[in-house]
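Below, each chain spelled out in residue letters.
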Amino acid sequence: MSSVKVVLSEEVKREIGQHFIPGFVGQEVTEDVVSLIRDYHVGSIIMMKRNIKDIPHVRKLIADLQTVARDAGQERPLMIGIDQENGLVSAFSTAAPLGGTQFPGAMALAATNNSETAELVNVSTGREMKLAGVNWAFAPVCDINSDPRNPVIGVRSFGDDPETVAKFSSAVSRGLTSSGIAPSPKHFPGHGDTHVDSHLGLPRILKDKAKLQATELVPFKKLIAEGVATIMTGHMALPLIVGNDTPCSLSRDITTDLLRTELGFQGVIVTDCLEMDAVVDMHGSEQGAVKALQAGADVAMICHRIDRQKGAIEATYEAVQLGALSVEELQASGRRIQALKERFAGSWDEVITPSLDIDLLQKIKRDSAQVSRDAYQHTTAIVRDTAKLIPLLSWRAEPAMVFTPQMEVLNRAVDDAENIIRTADGKLRNTAGPSYTAFATALHGQLPYSTHVVYGPGDAPPSNFEGTHRIIFATRSADRSTWQLEYLQSLLKAVGSLKVVVLATLTPYEVLAPVAGPQAAYMCSFEFTPQALRAAAGAMFHDSPATGCVPVKSDSV
């Protein structure tokens, strides 16, 4: 770092602003985001689920943001980023008729065993985002999910095999790039081998560099060799490499020495959101941003609070003035950001046009719907079915019960930040949730004598259970929410002879053991989106046979 104090000129302030990507609250341009762009000169904006209505709305909103940037004298258009991993983390996707299409997420795509499907899915989602004005996607997830207890990655990963994750991550990156979207593989150097959620605390991964090279770094090295445009750093500690518990996103040993120098990455480095507890608890978002830039990050992400966003930029002003942050390094970093913008951000004329071709959008939506349907049809996996229950054709004339779990909070990456499934006093709005309602409806079309039961912690088997000997039992993170398996055991005790299909609607680890006995069938949908659950319902009756594989080691399931 430079020890020379610097006069904070307007030019230096403009340079500093380019190194931040804040989010904002609302579905229209607000005074807060105008101030960030106009007064603090931020060069990028992250769009969150809370900002999104549908594609025409997003197009207009982004055009308005770009107009603010142009009128404020910014040289090039804003980078507009979004968490669009697909699957359960799909900030761009909505159920609106002209909303972004829902596509399968990482582990569901890996279950297809076809990386061309993954590439096509991301070409399609990329085309939609580009039409809306988005130019940067924080995907693919390159984490190797080697710890089944991982509370935040799980099915967001392509699996537990480094080469498989590398192959599918490469396909996602190609698909996005070909549609004009900058991909951002994450969470470097790897968030898979931990059971701590960095939203809530600091994961400590006790691996040396040799082990990291053999597993976590494999996908990143492949994408760096292919010239990926950006990489996102994560908030985990590697004390055996760094020598302390500094989060990797704030560590020069990781960001500069490993990623930049040793692996030779020349693109833009962006941090994960610096409002996660892994950073805030020890450093605060404001000083976390300064430390991330000192470590060699190009762009610091702060998604939520305006006080933290402005405070972080002002802390960076102070660090530059005191010589604690090198202007020369910021300028070199700024040139990488400008090169990214030249490649992906487009011209002012392109980005400030608020309207779009609705006929083109409708055609793209039709194409996307077909790609999505085709992909989901190949995601459902039969984990085991020794009794050969599938397909359930003989069940159609018999009474059956469909059990789905009460909705629970999973983690901050998957759950909506505004907690829209709950009322102001914390009660669930719809205990079934729209996904499980869609699942039960799809099954009722096949099983006209079926009854849907939403079960919760401490519930007793339903009073009308007697006489029903066929059940479809859906779980959601049951390897951690063990009350679901306890409820299943209560059903098995209530009726001695049952034919059971257990559908794990999140990870295959949920059916780690034959929880309903060896004669039950065990399936996995890898996500609980309505599209995935409808596909799983169809697979139970061979409308589209369950051809998916399980992309984690067989001894895990």
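As shown above, the structure is provided for reference.
The notes below deal with the structure included here. (Residues numbered from 1 in each chain as written. Predicted model: local features only at pLDDT ≥ 70, side-chain atom pairs only at ≥ 80, totals over all residues. Heavy atoms only, no water.)

What follows covers the environment of V495. One can find V495 in the loop between α18 (483–494) and β15 (499–504). Under the relative-accessibility criterion, V495 is labelled buried at 6%. The spatial distance from the C-alpha of V495 to the C-alpha of E128 is 50 Å, given a sequence separation of 367 residues. Not counting residues up to four positions away in its chain, the partners in contact with V495 are F465, T468 and H469. (Helix = DSSP H or I, 4+ residues; strand = E, 2+ residues; numbered from the N terminus. Buried < 20%, exposed > 50% of the residue type's maximum accessible area, 1.4 Å probe, protein only. Contact = heavy atoms within 4.5 Å.)

Attention now moves to the packing of aromatic side chains. Going through the model one piece at a time under the given rule, you end up with 10 aromatic pairs. Seen in terms of ring centroids, Y455 and Y487 are 4.8 Å apart; in terms of plane orientation they differ by 15°. Their pairing is stacked. Of this pair, Y455 sits in strand β13 (residues 450–455) while Y487 sits in helix α18; the two residues are 32 residues apart in sequence, bridging distant segments of the chain. Per residue, the accessibility class of Y455 equals that of Y487, and both read buried. (Phe/Tyr/Trp six-rings, centres within 6.5 Å; stacked < 30°, edge-to-face > 60°.)

A few words on the nonpolar core. I16, F20, I37, I45, M47 and F188 are the most contacted members of the largest nonpolar core, which totals 93 residues. Broken down by element, this core gets its largest block of residues, 7 residues, from helix α3 (residues 55–71). Each residue touching I37, except ones within four places of it in the same chain, is listed here: V42, I45, L65, V68, A69, A72, Q74 and L78. Counting residues in hydrophobic clusters, the runner-up holds 58 residues, among them V511, A516, A521 and F528. (Core = buried A, V, L, I, M, F, W, Y, C linked by side-chain atoms within 4.5 Å.)

For the rest of this paragraph, the subject is the sheet that holds strand β14 (residues 470–475). The 6 strands are arranged β11-β16-β15-β14-β12-β13 in an open sheet whose pairing can be described as mixed. Looking along the sheet, the strands with just one partner apiece sit at the ends: β11 (381–384) and β13. For this sheet, the mean inter-axis angle between neighbouring strands, taken without regard to orientation, is 20°. When β15 meets strand β16 (residues 521–524), the two strands line up parallel, connected through 4 bridges. Bridging across to β16, L503 finds its partner in M523. Contacts from helix α19 (residues 530–540) reach β14, β15 and β16 within the one sheet, and its direction differs from that of β15 by about 150°. (Pairing = 2+ DSSP bridges. Axes fitted to C-alpha atoms, helices over the stretch in contact; angles between N-to-C directions.)

Let us now look at the sheet that holds strand β9 (residues 268–273). Pairing in this open sheet of 4 strands is parallel, and the strands run β1-β10-β9-β8 from one edge to the other. Since the sheet does not close on itself, it has two edges, and those belong to β1 (20–22) and β8 (230–233), each with one partner. With strand direction ignored, the average angle separating the axes of adjacent strands in the sheet is 25°.

So, about helix α16 (residues 358–376). Look at α16: 26 Å from first C-alpha to last across 19 residues, which is about the 27 Å you get at 1.5 Å a residue. Every buried residue of α16 is accounted for by L361, I364, K365, S368, V371, S372, A375 and Y376. The arc that holds every buried residue of α16, seen down its axis, measures 130°, which confines them to one face. In α16, the exposed positions that point more than 90 degrees away from the buried face belong to D359 and R366. Where α16 is buried, its residues contact α3, α5 (115–132) and α19. If you check the start of α16, you find a side-chain oxygen 3.0 Å away from the backbone N of D359, and it comes from D357. (Expected span 1.5 Å × (residues − 1). Arc of directions from axis to C-beta. Polar contact = N/O pair within 3.5 Å; in protein donor to acceptor, adjacent residues only side chain to side chain.)

Of the two faces of strand β2 (residues 44–47), the one carrying S44 and I46 and the one carrying I45 and M47 are both buried. With α3 bridging β2 and its parallel neighbour strand β3 (residues 79–82), the resulting β-α-β unit is right-handed. (Right-handed = clockwise from strand over helix to strand, strands pointing away.)

Another point: the packing of helix α2 (residues 31–38) against α3. Where α2 meets α3, the closest approach of the two axes is 9 Å, and the angle between their N-to-C directions is 40°. Taken together, the axes of α2 and α3 lie oblique to each other. For the element pair α2 and α3, the recorded crossing hand is right-handed. Mapping the contact onto sequence places V33, V34 and I37 in α2 and L65, V68 and A69 in α3. A class-by-class count of the residues in the contact of α2 with α3 yields 6 nonpolar, no polar and no charged. (Parallel < 35°, antiparallel > 145°, perpendicular 65-115°, else oblique. Left-handed = near helix turned anticlockwise from the far one by under 90°. Nonpolar A, V, L, I, M, F, W, Y, C, P; charged D, E, K, R; others polar.)

Such coordinate-based values are descriptive only and should not be taken to indicate function.
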